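Overview (structure and organization)
What follows is the residue order along each chain.
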Amino acid sequence: MDVFWCLPLTLLLLHQATCTGNGAEVTGAVGRSVTFHLQSPAGKAAAWSFQNDVIATVKFGNPPEVTFFDEKYKQRLTFLKDGSELTISQLRMDDAGTYTVKDSGVKTTFTLQVYRELAVPTVTCAARNCSADGCRYTLHCTAAGSGSGNISYGWSMGGWQWSEGPIVLVEESPPDESPLTCTARNPVSSRNTTVISPAALCAENTTHPPTTGTYSSGQAGIVAALVIGASVLLAVVIFVICCKSKGWVIFRLPAAEAANTEASERGRSRATSRWLKPCSPPVFCWKTSCQLTKKEPGAQP
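First, a word on what this report is: a plain description of the structure on this page. (Residues numbered from 1 in each chain as written. Predicted model: local features only at pLDDT ≥ 70, side-chain atom pairs only at ≥ 80, totals over all residues. Heavy atoms only, no water.)

Now for the nonpolar core. Judged by nonpolar contacts, the single largest core of 23 residues is most densely connected at Phe36, Trp48, Ile55, Tyr99 and Leu112. Mapped by element, the contributors of at least two residues to this core are strand S2 (34-37), strand S3 (45-50), strand S4 (53-59), strand S6 (77-80), strand S7 (85-88), strand S8 (97-103) and strand S9 (106-115). When sequence neighbours within four positions are dropped, the list of residues in contact with Trp48 reads Phe36, Asp53, Val54, Ile55, Ala56, Val58, Phe79, Leu86, Thr100, Val101 and Phe110. Counting residues in each nonpolar core, the second largest holds 18 residues, with Tyr137, Leu180, Ala184 and Val195 among its members. (Core = buried A, V, L, I, M, F, W, Y, C linked by side-chain atoms within 4.5 Å. Buried < 20%, exposed > 50% of the residue type's maximum accessible area, 1.4 Å probe, protein only. Helix = DSSP H or I, 4+ residues; strand = E, 2+ residues; numbered from the N terminus. Contact = heavy atoms within 4.5 Å.)

Okay, a nonpolar patch on the surface next. A cluster of nonpolar side chains, namely Ile228, Val232, Val236, Phe239 and Val240, defines an oily patch on the protein surface of about 420 Å² accessible area. With respect to the helices, strands and loops of the structure, Val236 is situated in helix H4 (residues 217-245). (Patch = residues over 30% accessible without salt bridge, like charges linked within 9 Å, V, L, I, M, F, W, Y side chains within 5 Å. Areas by Shrake-Rupley, 256 points an atom, 1.4 Å probe, with all protein chains shown as cover. Salt bridge = Lys/Arg side-chain N within 4 Å of Asp/Glu carboxyl O.)

Here we come to the packing of aromatic side chains. Inspection of the entire model under this criterion finds 7 aromatic pairs. Relative to Tyr99, the ring of Phe36 has its centre 5.2 Å away and its plane inclined at 45°; by these criteria the two rings are tilted. Residue Phe36 is found in strand S2, and its partner Tyr99 is found in strand S8; the two are separated by 63 residues along the sequence. In this structure Phe36 comes out as buried when scored by relative accessible area, which is 0%. For Tyr99, a relative accessible area of 0% translates into the label buried. What links up through ring pairs into an aromatic cluster is the set Phe36, Trp48, Phe50, Tyr73, Phe79, Tyr99 and Phe110. (Phe/Tyr/Trp six-rings, centres within 6.5 Å; stacked < 30°, edge-to-face > 60°.)

Further remarks concern the sheet that holds strand S16 (residues 189-195). Pairing is antiparallel in the open sheet, where 4 strands are placed in the order S13-S12-S15-S16. Each edge of the sheet is formed by a strand with only one pairing partner; in this case those strands are strand S13 (160-164) and S16. Pairwise comparison of adjacent strand axes, ignoring direction, gives a mean angle of 30° for this sheet. For strand S12 (residues 152-157) and strand S15 (residues 180-186), the ladder comprises 6 bridges, and the chain directions are antiparallel. For Ser156, the partnering residue across the bridge sits in S15 and is Thr181. (Pairing = 2+ DSSP bridges. Axes fitted to C-alpha atoms, helices over the stretch in contact; angles between N-to-C directions.)

As structure tokens, then:
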């Protein structure tokens, strides 16, 4: 079709007095295709626009004669039948918007919404609460992603609907009970994932520590050991700080060596150290009033 013939045709189609026909809201997925159906064309040609910009004109026939005004659509737009159906393939997020077709004074509008298909949802353990009566688990299901639109969640067990929403509270179940399935849906896709054992999931999910008001026997033992260790460490730190604040030096000797060491220190002529008091054997503390120097081999006392 000659482009110079098409331009006057386009202007004629756009400037005719128009009335609005019944269009439709069409939903498509990224990478897939959608088709707009023009019901019973009245004229011999039509002009298609996207967001008020003409993208193509078509002269009805078999085959239809098409002229494109936007090259980016040329590889992705296909006119089917006699030209009354328009298919857009390889959908992109920026294809979403309003498409208008004018046919013999009648304007029909289509609204296209484009979404990304969901990935397989992920279930995590949000909380675990254990007591003498057993454990209860809070599970969270998510499949969120950019361009996914509104996502709805549902939980089912053994084919029966269990709960709606992304969060579910379950109790510890017997091994022979049916697994729990989370299903996520958006306007263009539906995906699901199955939880075999909430207890195993919460045990493996280290990124979400369990929240519980009680402790198991193993947990209680660990907590007690930590408390005792912290108390002993605190006592040692306080003792060391106290001795250092008074200028005491702390060391540990066997009881038998402690007496010999005391007599030897008292007999040193150059020593200016004086015993203050012995700590509980075999620990001794003394206060020094001079700086001891290293004795070279062969030096006279």
